[in-house]
Amino acid sequence: LAAAALATVIINITDVNDVPPKFLQQEYDATIWRPTQTGVLVAELSATDDDFNNKTPLQYAIVDGDDERTFVINPNSGLVTVADASKLRAFYKLKV
């Protein structure tokens, strides 16, 4: 597989409850080569959330910016990977 172009992925962070999660970064930027393969790591998100007091694991989800489901995020680990490499465009702005 020979890569010919880049795809830029920007990941913005949002919160759905009272106390915002504390991420290592407020925005994650990633660049991956195109074409690529399904399963390629895009980013590893990491956060803590005082709403859960470490009793319940934090859950991650892509809530906007990926209508074609090109990416997938592991809800427990925060790993964002390529789900469908055939749909990869040059730019994405995902909201998690």
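Now for a quick tour of the structure. Source: prediction; values computed, not measured.

Attention now goes to the overall build of the chain. The number of helices and strands found in the chain is zero helices and eight strands. Secondary structure elements of the chain, listed N to C terminal, follow the sequence β-β-β-β-β-β-β-β. Burial status across the chain gives 32% buried among its 96 residues. By sequence separation, contacts in the chain at least 24 residues apart represent 62% of the contacts at least 6 residues apart. About 6,000 Å² of surface is accessible on the chain, with carbon and sulfur atoms providing 50% of the total.

Strand order in this open sheet of three strands is 3-1-8, and the pairing throughout is mixed. Strands at the two margins of the open sheet, each flanked by one partner only, are strand 3 (27-34) and strand 8 (91-95). Across this sheet, the average inter-strand angle for adjacent strands is 20°, counted without regard to direction. In the sheet, strand 1 (residues 5-12) pairs with strand 8 via five bridges, with the strands oriented parallel. By the bridge assignment, isoleucine 11 is partnered in strand 8 with leucine 94.

Peptide bonds are mostly trans, and most non-glycine residues show a negative phi. Omega for the peptide link from arginine 34 to proline 35 comes to -5°, which places this bond in the cis form. Here arginine 69, not a glycine, exhibits a phi torsion of approximately 55°, which is positive. Mapped onto the secondary structure, arginine 69 falls in the loop between strand 5 (47-48) and strand 6 (71-73). Given a relative accessible area of 65%, arginine 69 falls into the exposed group.

Approximately 150 Å³ is the volume attributed to the second largest pocket. Around the second largest pocket, the lining residues are Ile62, Val63, Asp64, Asp66, Arg69, Phe71, Val72 and Ile73. Broken down by class, the residue content of the lining of the second largest pocket amounts to five nonpolar, no polar and three charged.

Calculation criteria
Residues numbered from 1 in each chain as written. Predicted model: local features only at pLDDT ≥ 70, side-chain atom pairs only at ≥ 80, totals over all residues. Heavy atoms only, no water. Helix = DSSP H or I, 4+ residues; strand = E, 2+ residues; numbered from the N terminus. Buried < 20%, exposed > 50% of the residue type's maximum accessible area, 1.4 Å probe, protein only. Contact = heavy atoms within 4.5 Å. Areas by Shrake-Rupley, 256 points an atom, 1.4 Å probe, with all protein chains shown as cover. Pairing = 2+ DSSP bridges. Axes fitted to C-alpha atoms, helices over the stretch in contact; angles between N-to-C directions. 1 Å grid on protein atoms, 1.4 Å probe; cavity = no way out; pocket = protein on both sides within 12 Å on 5 of 7 lines; lining within 4 Å. Points joined across faces, edges and corners; volume = space filled by probe spheres on them. Nonpolar A, V, L, I, M, F, W, Y, C, P; charged D, E, K, R; others polar.

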